[in-house]
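# Observations on the model geometry
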Amino acid sequence: MKDFNYHSAKDSKEASKLASSSSAFLAGGMTTIPSMKLGLATYKDLIDIKNIKKLSGIKVSGKSVTIGAATKHVEVSNSKDVKKAIPSLSSLAEGIGDPQVRNRGTIGGSIANNDPSADYPSACIALNATIHTNERKIEAAKFFKGMFETALKKGELIEAIEFQIPEKSSYQKHPNPASRYAIVGVYVAKHKADVNVAVTGAKSCVYNDKEMSKALSGNFSSSSIDGIDLDSSEMNTDMHASAEFRASLVVTQAKKAVDAC
Amino acid sequence: MASLVGSRVERKEDKRFLTGKGRYTADINLANQTYAIFVRSPHARASIKKLNIDKALKSSGVVSILTGKEIADDKIGGLIAGWAIRSEDGTEMKCPGNPPLAKDNVNFVGDPVAVVIAESLAEAKEAAEKVEVDYKVLKAVTSTADAMNGDTIHEGIDKNLCFDWLLGDRQKVKEAFDKADKVISIDIINNRLIPNAMEPRACVADYNAASEEITLYTTSQNPHLSRLIMSAFGNVAPEHKLRVVAPDVGGGFGSKINVYNEDIVCSWAAKKINRAIKWVAERSESFLTDIHGRDHVTHAELAVTKDGKFLGFKNETIANLGAYARVFGTVTPTYLFGPCATGVYEIPAAYTNVKAVYTNTAPVDAYRGAGRPEATYTIERLVEKASMELGIDKTELRIKNFPTAFPFKQTLVHTVDSGDYVAGMEKAKQMADYKGFEARRKESEAKGKLRGIGVTSYFEACGIAPSAAVMSLGCGVGLWESAEVRFNPTGQVTVYTGSHSHGQSHQTTFAQIAADELGVPIENIDIVHGDTDKGTFGMGTYGSRSLAVGGIAIVNACKKIVEKGKRVTAKMLEANPEDVEFKDGEFIVSKSNKKKTIGEVAFACYLPGVRDEMKSPLPEGDEPGLKETSFYDPSNFSFPAGTHIAEVEIDPETGHVKLEKYTACDDFGRIINPMVVEGQVHGGLAQGIGQALYENAEYDETGQLMTGSYMDYTMPRADNFPEFNIGYTCTHATTNPLGVKGCGEAGAIAAPPTVMNAVIDALGGQEVTMPATAEKVWKACKNLKKSNAKAA
Ligand SMILES: Cc1cc2nc3c(=O)[nH]c(=O)nc-3n(C[C@H](O)[C@H](O)[C@H](O)COP(=O)(O)OP(=O)(O)OC[C@H]3O[C@@H](n4cnc5c(N)ncnc54)[C@H](O)[C@@H]3O)c2cc1C
């Protein structure tokens, strides 16, 4: 690992001011530190945001659950409030990585990183989340731009993620057996108006599967998506799963999610 | 005094390990030490055109940079294969040179070309990045099956073939096959594994210029053997000027048998720079450069009668050695594999032919089970297939071909002294509720799941020794084991063993044995191992040999102590030595109330005089002191055996295989500590099930390791396993005084075919290769659905 400067920011303003083209925010460090150790990333400055009180914590209102960006996965999975309001979100957090990762990794870090096989991005899409940054509010549908790419601008800091509480929801992940990231993860959420079927792991970026959303909005039953043959041409192929297998898993996991709702 | 052998004595080593007081190689820091980083080849096969260290030398903190040139100039020897194998045509095996630092050619990704030694680790890393190596990249050979058709990797080694070995009689096999009603044949792959010991390899080398001694602390399973090899073949230092210490070692599984490049380079370099050098592997280096295991491609056939009697067996295997032949690299796919490939069955005619090939991948060597998992996988997959094709129940077919009497002269090499395979099978069936399977299968079916059951009966040859036998088969050293038992004057005992514990619990089980033999409380017995300066020469720990060979050496040394004790007691109590009996730590003159405790005798041996009396308690001819040594060379291997049964449930939509039940019924002979044995069985099963369902080392066609981290290499985790159902049958080994057989490898040997037989049973007999990943199983489920639809 190359030498770097460590800063601990006391508030969002300072954090954002310290940011440059060769800096990273340090939240849980679960992505940043390993990439630096492996020489895949080098930064001049690491800006620790964990001491910014405002960034941690969970608030539940009648309609939404708002989670501070620096809130750890373990806090989300253990939160009674989250379990009550959106149980699928708490179980998603419980299924991330291993205890060490959950004890450090944060929701803000996860969605800022936008790993194509990360779990949280699917929750953001399925639960019509709003990403609150120090500058603006961004709808989830406009936030995830592509592989490891988001709408965040340089120095823009995520402060909180606001999830809409659905009528019913479930997240079903087929994990990579080694890393336990999602080979395919499908988050189904039934809202008053419509149904979202957010898919992670299958393509270069999380997306809402229109075909299944439509079918389920008409009839919220797994039979309405049974036998759907998804186009696999844009799906990922790697040593753990071919595009064809992923396409099949997306439907299977979606059916499981509907059945679990 | 109650016997300790057979009881669940708590582990003496746990206090140290569980409180963070273990002392591993990486915990050792010496005054003024430097840090080494190895510059490694990023290519699988290349010649080195130029190596420039000028820039790196100017980097801050650099102490020295050494390359293949210096090591060659100093005539430091390379790494060796410890076992000479002869081909069927009588020619000797062909082994390439394997210099500790490559000079002209590199042959796998990770092959070291230079070492950078600096004042700090960060500086060493920084400088290592500045070493410029100009490679001419050559086409790599990576596939086991095609290696013989690839470019020649090592000059003069045609077809990349190390040897083409035969065990058995082709003609007799042909005759047997001619008589057969049916021939069952199978093509299987034994997937390559990475051992993944929890503690990565490490070494700290020190040089004392005054005594001219090198001390090497290293992660080794056999420090004495390491010293011998480094001295005799590495030319690092004469044995008396080289001390090898293997302190606490966090797992080996065979991967720490070998002397590695880093051990030799750091020892040699420490003398050159006259300073201590520390090297600790990063996990990614472990993935790339630790020896790997398995990697066979096999075609096998079984000739049977229509009522299921086995007549003949053929085994044609290509074994991947990786880039170089290492210590157990050549024996693992031959004598540790071939003889066990006929399994627990009476098969009148058999042969095993192995072509061992070089490829541009990490060296392949002994990994937990070494050869016997591959053998057992071959025969047990074949027998399971035979049961399907013949329509005979899988347990009945096995029983039909079990030997009925012991000693059992196994087809190819071994004479198995003891066992009761039928009893093992019956008990395993009961434990697993074999009869209830059909009902459970129906329940799964009702849920839309596929359920399968798999059986394996295995035996293995372990307790690796007798010297005469192994040396006649090409082993470069004898494989006896030593022990030394020393009494202190005040009665405590130190036992020195030549074997090594890196998770096997020697400190506990060996103390149990000595406590029983000597009648000394276990608290007063210390077990010492792992340091060539302490105790006598020893051969180390692998092949489930610690207890069956090393443990017996302890028993024998204790027996010598008792014999001397009897003589001393007789002198002290004015009796005949023949009239002295020893029991529970006391020497008793028979038919009298005269006795001495072993503590009193030890004291007398060390202080053999009495004030104002010219009387010694020592009989004439006995020297003072109480210390005995034994070098034990057994008369045969030992042969654990057993039957394992697994049940899996498959989700046809996702291909997910859930291991529902696992039953292991093993015969390990006498059990010294059931808790320790359970630990060994659990660990072995985890690795064996890992091979069947999860683990796979994969190289791409350019020789890059695709599974070089835990992001892609699937190590099994606790939640992958059901509660293991473990039981035993017990027939004592007749070839050693404790009746023990060895339990370290059984799980890793039996589990892969057991689990795969269950998976394939669930899939209606369709072959899938290990590991049975979700996608492979999903595809097989789709085929099954298609063929069922057609049938309907
Ligand atoms: C072994 C392992 C297994 C894992 N398994 C899973 C898994 O199964 N599923 C899964 O989804 N994830 C998994 N992860 C990822 C993990 O859950 C973390 O979410 C992820 O690493 C990022 O979170 P972090 O808090 O550690 O971010 P950091 O590593 O600290 O930061 C990552 C990036 O996000 C940026 N960032 C951080 N916080 C903010 C913010 N508030 N605003 C703007 N930018 C920010 C940083 O600048 C940096 O570029 C795994 C990680 C590891 C190491």
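Calculation criteria
- Residues numbered from 1 in each chain as written.
- Chains lettered and ligands numbered in written order.
- Predicted model: local features only at pLDDT ≥ 70, side-chain atom pairs only at ≥ 80, totals over all residues.
- Heavy atoms only, no water.
- Helix = DSSP H or I, 4+ residues; strand = E, 2+ residues; numbered from the N terminus.
- Contact = heavy atoms within 4.5 Å.
- Buried area = accessible area lost by both parts, 1.4 Å probe.
- Salt bridge = Lys/Arg side-chain N within 4 Å of Asp/Glu carboxyl O.
- Domains from an automatic or database assignment.
- Polar contact = N/O pair within 3.5 Å; in protein donor to acceptor, adjacent residues only side chain to side chain.
- Near = heavy atom within 4 Å.
- Nonpolar A, V, L, I, M, F, W, Y, C, P; charged D, E, K, R; others polar.
- Buried < 20%, exposed > 50% of the residue type's maximum accessible area, 1.4 Å probe, protein only.

Residue and element names in this part refer to chain B. By secondary structure assignment, the location of Q680 is in helix 17 (residues 674–693). For the pair formed by Q680 and L138, sequence separation is 542 residues and the distance between their alpha carbons is 44 Å. Those residues in contact with Q680 that lie beyond four places of it in its chain are R368, G503, Q504, C743 and G744.

As a further point, take the interface of chain A and chain B. Taken together, the contacts link 22 residues of chain A with 21 residues of chain B. Between chain A and chain B the total buried area reaches about 1800 Å² when both faces are included, carbon and sulfur atoms providing 47% of it. In terms of surface lost to chain B, no three residues of chain A exceed A:R180, A:M239 and A:F245, which account for 32% of the buried area on that side. Taken together, the connections running from chain A to chain B amount to five salt bridges.

The next thing to look at is the domain arrangement of chain A. It is common to report an interface's size as the accessible area lost on association of the parts. Residue and element names in this part refer to chain A. Along its sequence, chain A is organised into domain 1 (5–164) and domain 2 (172–260). Put simply, the middle of domain 1 and the middle of domain 2, counted by C-alpha atoms, are 23 Å apart. Across the boundary between the two partners, domain 1 contributes 24 residues, which contact 17 residues of domain 2. Summing both sides of the interface, domain 1 and domain 2 together bury roughly 1600 Å²; the carbon and sulfur share of this comes to 58%. Our count for the domain 1 to domain 2 interface comes out at one salt bridge. One salt bridge connects D119 with K173, and the closest N-O pair in it is separated by 2.9 Å. Applying the counting rule to domain 1 against domain 2 returns 13 residue pairs in polar contact (both at pLDDT 80 or more). Residue assignment for the side of domain 1 that touches domain 2 shows that the elements contributing at least two residues are helix 5 (87–94), helix 8 (120–126) and strand 8 (144–146). When residues in the side of domain 1 that touches domain 2 are grouped by element, the largest group, five residues, is from helix 8.

Residue and element names in this part refer to chain A. Close to the ligand lie 30 residues; G29, M30, T31, T106 and D119 are nearest. M30 places a polar main-chain atom, nitrogen or oxygen, 2.7 Å from an oxygen atom of the ligand. Where the shell around the ligand is concerned, the elements lending two or more residues are strand 2 (23–26) and helix 7 (107–113). The biggest single contributor to the shell around the ligand is helix 7, with four residues. Each residue belonging to the shell around the ligand can be placed in one class, and the counts come to 15 nonpolar, 11 polar and four charged. When residues of the shell around the ligand are sorted by domain, at least three fall in each of domain 1 (5–164) and domain 2 (172–260).

Residues and elements named next belong to chain B. Summed over the entire model, instances satisfying the criterion amount to 68 salt bridges over all chains. Among the salt bridges present, the one from R11 reaches D14, with a minimum N-O distance of 2.7 Å. Of the residues examined, R11 reaches a relative accessible area of 21% and is grouped as partly exposed. For K583, the salt bridge is made with D584, and the minimal N-O distance between the two is 3.9 Å.

Mapping B:K429 onto the fold places it in helix 11 (residues 421–432). Those residues in contact with B:K429, other than ones at most four positions away along the chain, are B:T395, B:E396, B:Y434 and B:I645.

On to the domain arrangement of chain B. All names here are of chain B. In terms of domain boundaries, chain B breaks down into domain 1 (14–20 + 32–140 + 196–289), domain 2 (417–478 + 634–696 + 706–792) and domain 3 (479–632). Contacts between the two partners involve 26 residues from domain 2, matched on the other side by 21 residues from domain 3. Interface area for domain 2 against domain 3, summed over the two sides, is near 1800 Å², with a carbon-plus-sulfur share of 68%. On the surface where domain 2 and domain 3 come into contact, there are zero salt bridges. Along the lines of polarity and charge, the residues of the side of domain 2 that touches domain 3 split into 13 nonpolar, 10 polar and three charged.

A word on the side chain of A:Q253. Along the chain, the position of A:Q253 falls in helix 11 (residues 243–260). Apart from residues lying up to four places away in sequence, A:Q253 is in contact with A:Q172, A:K173, A:H174, A:V184, A:V186 and B:T654.

In terms of backbone geometry, most residues other than glycine have negative phi values and most peptide bonds are trans. Residue and element names in this part refer to chain B. For the bond from F406 to P407, the omega torsion is 0°, close enough to zero to count as cis. Tracing the chain through its elements places P407 in the loop between helix 10 (394–401) and strand 16 (408–409). Note the cis peptide between M770 and P771, where omega equals -10°. Mapped onto the elements of the fold, P771 is located in the loop between helix 18 (746–762) and helix 19 (774–791).

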